[in-house]
Amino acid sequence: MAKSPETVSLDQLDKDQMKTFSDFLMSYNKLSEMCFTDCVRDFTSRDVKDSEEKCSLNCMEKYLKMNQRVSQRFQEFQMIANENALAMAQKTNKL
């Protein structure tokens, strides 16, 4: 039985959403592990010390800002690459 175009596009949408969610979880786990490793030092108490909490918040903030900055630079690079490709295609079509 062949799938309808709507079913195929819904399947692709589900796969795309799962990929996005999977990427989010990988990023979250990386952030959690990195900040935990860098900031948590005392395992003799169940309480989180103020210094550990502050370190974790700073770590998270720096990571998110860095991630945002890298994403912005990537978008800028992609826009320039697309503009160059379009200019090259237009130049080629004129020849």
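The rules behind the values
- Along each chain, the written sequence defines residue order, and numbers are assigned to residues from 1.
- In keeping with the model being predicted, local features are shown solely for residues with a pLDDT of at least 70 and side-chain atom pairs are shown and tallied solely at 80 or more, while totals for entire chains, interfaces and linings include all residues.
- Hydrogens are left out, water is left out, and the side-chain values use all remaining heavy atoms of the structure.
- Throughout this description, the term nonpolar core refers to a set of buried Ala, Val, Leu, Ile, Met, Phe, Trp, Tyr and Cys residues connected via side-chain atoms within 4.5 Å.
- A 1.4 Å probe rolled over the protein chains alone gives each residue an accessible area, and that area as a share of the maximum for its type sets the label: buried under 20%, exposed over 50%, partly exposed in between.
- Only runs of H or I of at least four residues qualify as helices and only runs of E of at least two qualify as strands under DSSP, and these elements are numbered from the N terminus.
- What makes two residues a contact is simply this: any of their non-hydrogen atoms within 4.5 Å.
- The rule is short: rings of Phe, Tyr and Trp, with Trp giving its six-membered ring, pair when the centres are within 6.5 Å, and they are stacked under 30 degrees, edge-to-face over 60, tilted in between.
- What a helix is expected to span follows from its residue count: subtract one and scale by 1.5 Å.
- Think of a 1 Å grid over just the protein atoms. A cavity is a set of points where a 1.4 Å probe fits yet cannot get out, a pocket is an open set with protein on both sides within 12 Å along at least five of seven lines, and lining residues have an atom within 4 Å of a point.
- Grid points are joined across faces, edges and corners, and a volume is the space filled by probe spheres set on the points.
- Polar here means any residue outside two lists: the nonpolar Ala, Val, Leu, Ile, Met, Phe, Trp, Tyr, Cys and Pro, and the charged Asp, Glu, Lys and Arg; Gly therefore counts as polar.
- In this description, a disulfide is simply a cysteine sulfur pair whose atoms lie within 2.5 Å.

Caption draft 1: Just the nonpolar core, in detail. Core analysis: the biggest nonpolar cluster contains five residues, these being L31, C35, C39, C59 and Y63. Of all the elements in the fold, those that place two or more residues in this core are helix 1 (5-39) and helix 2 (50-94). Apart from the residues lying within four places of it in its own chain, the contact partners of L31 are C59, M60 and Y63.

Caption draft 2: Quick peek at the packing of aromatic side chains. Inspection of the entire model under this criterion finds three aromatic pairs. Their ring planes at 25° and their centres at 6.3 Å tell us that F24 and Y28 sit as a pair that is stacked. Of this pair, F24 and Y28 both sit in helix 1, separated by four residues, roughly a single helical turn. On the basis of relative accessibility, which here comes to 46%, the residue Y28 falls in the partly exposed class. Between F36 and F43, the aromatic rings sit 6.0 Å apart at their centres with planes inclined by 50°, giving tilted as the arrangement. For F43, a relative accessible area of 62% puts it in the exposed group. A network of ring pairs unites the aromatic residues F21, F24 and Y28 as a single cluster.

Caption draft 3: Spatial organisation of helix 2. Helix length check: helix 2, at 45 residues, gives a terminal C-alpha distance of 66 Å against a target of 66 Å (1.5 Å per residue), a fit within 8%. Those residues of helix 2 not exposed but buried are E52, C59 and Y63.

Caption draft 4: Structural view of the layout of surface pockets. By volume, the largest pocket is sized at about 200 Å³. Forming the boundary of the largest pocket are Y28, L31, S32, C35, F36, V40, V48, E52, E53, S56, L57 and M60. Within the residue set of the lining of the largest pocket, elements represented by two or more residues are helix 1 and helix 2. Residue classes in the lining of the largest pocket are distributed as eight nonpolar, two polar and two charged.

Caption draft 5: How the structure looks around the state of the cysteines. Counted according to the given criterion, the structure contains two disulfides. With a sulfur-sulfur separation of 2.0 Å, C35 is cross-linked through a disulfide to C59. Its torsion about the S-S bond being -85°, the disulfide of C35 and C59 is classed as left-handed. On the criterion of sequence distance, the pair formed by C35 in helix 1 and C59 in helix 2 is long-range, its members being 24 residues apart. Overall, C35 belongs to the buried group, its relative accessible area being 6%. Taken N- to C-terminal, the disulfide-bonded cysteines of the protein are connected 1-4, 2-3.

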